[in-house]
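Each chain, letter by letter, is given below.
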There are 2 protein chains.
Amino acid sequence: MHITLSQINDFEHLYRTHFVNSLSGYKSANLIGTQSKQGLVNLAIVSSVFHLGAHPPLMGTIFRPNSVARHSFENILSTGFYTINQVSTTFFKAAHQTSARYERECSEFEEVGLTPEFSDELNAPYVKESRLKIGMELVSTQTLAENGTELVIGKVIEVFVEEAAVKEDGFIDLDKLNTVAVSGLDRYHTGTALARLSYAKPFKPVTEIKV
Amino acid sequence: MHITLSQINDFEHLYRTHFVNSLSGYKSANLIGTQSKQGLVNLAIVSSVFHLGAHPPLMGTIFRPNSVARHSFENILSTGFYTINQVSTTFFKAAHQTSARYERECSEFEEVGLTPEFSDELNAPYVKESRLKIGMELVSTQTLAENGTELVIGKVIEVFVEEAAVKEDGFIDLDKLNTVAVSGLDRYHTGTALARLSYAKPFKPVTEIKV
């Protein structure tokens, strides 16, 4: 099946949204926890968190203007902090429910039944139920000229993770944490490991790593 | 287990790379196909392709300076085109092998045993074995000041996908295509669907969608 750009542009709006959202492959599922200057907590699911670098530890997130995550973005700008909380199988429906358009005064934590939790390091709420939580400090934001989305870059300032999931070489076993992946707009998946593969070298076939 | 930024900075280099690369959650696995001005084809696996918008259809990709994907990045700059090819279970080891540091004159297609395939729309090779292939036109590049990585934004100009995987509402069934996800630097996974969830509305629990 061959689909051209002009066909994509002619797709019905929601059909196109589902289709194009499926193209990049599996996506991360994370809840962004923030707090307003007035102390109102906010929680929003995003599938747009991506790794940007390890030295220093940086992550990027895309926020869509006028989306349900707009309050999160505004809170990040005003406080300079946010949390990233991996979504796992036990609460993926509650996580998805945070994408409803609640009023600014509503706490999505309360509405969907998740528990805010605080650390001394930053004024943004973690999700107690999450098994891998990251405290983030805002580094920069920019509006991407191509479509008006906001690219937020943040630095990891602390991590909470179950010790048993961290392997001897630093790799974290996401399957063990029951972390979910997203495809398209609304489908959630568990991951099943095929293998870890060795560092690739020219003319030497990769082998499986047992860690 | 609570890990602070100063502990992360004190981690041994490779340990830190594995650890931080695991934090964002599951990542997409895609092969980037490019061609030099001289007609040499190049193929590189990346886990940094992300959805940027559907109207127009845009995707972002992060390229690390001096990484094995540097030839891909240079080719994109010089030709203005590239392909994104989802990695599936049948060739994930060959895909991983493209991350070896081959000389510029080497074709990774030949070295790892994948097949280049061309369309009339762009001068970049597709991976014949891939079950979801996207032709991309370069829109913009920028060097991110935070760590010198390159953000490449491209527009989808055509898509090749197996018809049976495209659902009636435009959603593409990645499990059916045996698309793999990556975690950390080197672990590959299949996805198993938990559910598709309805569009979330305040005060109305989400339900499962049967599509």
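Residues numbered from 1 in each chain as written. Chains lettered and ligands numbered in written order. Predicted model: local features only at pLDDT ≥ 70, side-chain atom pairs only at ≥ 80, totals over all residues. Heavy atoms only, no water.

Here we take up the pattern of salt bridges. A side chain of one charge can pair with a side chain of the opposite charge when the charged atoms of the two come close. Summed over the entire model, instances satisfying the criterion amount to 16 salt bridges over all chains. With a closest N to O distance of 3.6 Å, Glu208(A) and Lys210(A) form a salt bridge. A relative accessible area of 37% places Glu208(A) in the partly exposed class. Judged by its relative accessible area of 73%, Lys210(A) is exposed. Overlapping salt bridges bring together Lys93(A), Glu208(B) and Lys210(B) as one network. (Salt bridge = Lys/Arg side-chain N within 4 Å of Asp/Glu carboxyl O. Buried < 20%, exposed > 50% of the residue type's maximum accessible area, 1.4 Å probe, protein only.)

The subject of this paragraph is the relation of the copies chain A and chain B. For these two chain copies, the linking operation is a rotation about an axis paired with a shift along it. Once chain A has been moved 0.0 Å along the axis and rotated by 180°, it coincides with chain B to within an RMSD of 0.0 Å. Within this description, the copies of the chain are treated as partners about a two-fold rotation axis. Minimal C-alpha separation from the rotation axis in chain A is found for Gly191(A), amounting to 2.4 Å. When the interface residues of chain A are mapped onto chain B, 100% of them again fall at the interface, so both copies present the same face. (Least-squares fit on C-alpha atoms with pLDDT ≥ 70 in both. Contact = heavy atoms within 4.5 Å.)

This part takes up the packing of aromatic side chains. Tallying each qualifying case throughout the model produces 13 aromatic pairs over all chains. An angle of 70° between the planes, with centres 5.4 Å apart, marks the rings of Phe11(A) and Phe19(A) as edge-to-face. Summarising the burial analysis for this pair, Phe11(A) and Phe19(A) share the class buried. Taking 5.2 Å as the distance between ring centres and 80° as the angle between the ring planes, the aromatic pair formed by Tyr126(B) and Phe160(B) counts as edge-to-face. A residue pair is termed long-range when its members are at least 10 positions apart, and Tyr126(B) in strand β9 (residues 122-127) and Phe160(B) in strand β11 (residues 150-161) qualify at 34 residues. (Phe/Tyr/Trp six-rings, centres within 6.5 Å; stacked < 30°, edge-to-face > 60°. Helix = DSSP H or I, 4+ residues; strand = E, 2+ residues; numbered from the N terminus.)

Before going further, it helps to examine the pairing of strand β13 (residues 187-197) of chain A. Of the pairings in the sheet, the one linking strand β12 (residues 180-183) of chain A to β13(A) comprises 4 bridges and is antiparallel in character. Across the sheet, residue Val180(A) finds its bridge partner in β13(A), namely Thr190(A). Hairpin connection of β12(A) to β13(A): 3 residues between the antiparallel strands, including Gly184(A) at a positive phi of 55°. Summarising the sheet, β13(A) and strand β13 (residues 187-197) of chain B pair through 9 bridges and their orientation is antiparallel. Note that in β13(B) the partner of Ala193(A) across the bridge is His189(B). Across 2 bridges, the pairing between β13(A) and strand β14 (residues 208-209) of chain A is antiparallel. Residue pairing across strands places Leu197(A) opposite Glu208(A), the latter belonging to β14(A). (Pairing = 2+ DSSP bridges.)

Okay, the environment of Leu52(B) next. As for its position among the elements, Leu52(B) is in strand β5 (residues 49-54). Expressed as a C-alpha distance, the spacing of Leu52(B) and Lys155(B), which sit 103 residues apart in the sequence, is 9.7 Å. In contact with Leu52(B), not counting residues within four places along its chain, are Ile62(A), Arg64(A), Leu144(A), Asn147(A), Thr149(A), Leu58(B), Met59(B), Gly60(B) and Ile153(B).

The subject of this paragraph is the interface of chain A and chain B. Across the contact, 104 residues belong to chain A and 104 residues belong to chain B. Both faces combined, the contact of chain A with chain B buries some 9,100 Å², and carbon together with sulfur accounts for 62% of it. Of all residues in chain A, Met1(A), Tyr26(A) and Arg187(A) give up the largest surface area on contact with chain B, accounting jointly for 9% of the area buried on that side. Where chain A meets chain B, there are 6 salt bridges. With its nearest N and O atoms 2.9 Å apart, the salt bridge here joins Glu208(A) to Lys93(B). At the junction of chain A and chain B, the tally comes to 59 residue pairs in polar contact (both at pLDDT 80 or more). It is β13(A) that provides the largest number of residues to the side of chain A that touches chain B, a total of 11 residues. Residues of the side of chain A that touches chain B, tallied by class, amount to 50 nonpolar, 33 polar and 21 charged. (Buried area = accessible area lost by both parts, 1.4 Å probe. Polar contact = N/O pair within 3.5 Å; in protein donor to acceptor, adjacent residues only side chain to side chain. Nonpolar A, V, L, I, M, F, W, Y, C, P; charged D, E, K, R; others polar.)

Residues and elements named next belong to chain B. In this fold, Asn42 is placed in strand β4 (residues 41-46). The class for Asn42 is buried, based on a relative accessible area of 3%. A distance of 3.2 Å separates the side chain of Asn42 from the side chain of Ser72, its partner in a polar contact. Setting aside its immediate chain neighbours within four residues, Asn42 contacts Ile32, Gly33, Thr34, His71, Ser72, Asn75, Glu108, Phe109 and Pro125.

Okay, unusual backbone geometry next. Residue and element names in this part refer to chain A. Here the bond from His55 into Pro56 is cis, since omega is 0°, no more than 30 degrees from zero. Take Pro56: it is sitting in the loop between β5 (49-54) and β6 (57-63). Non-glycine residue Asn178 carries a positive phi angle of around 55°. Its place among the elements puts Asn178 in the loop between β11 (150-161) and β12.

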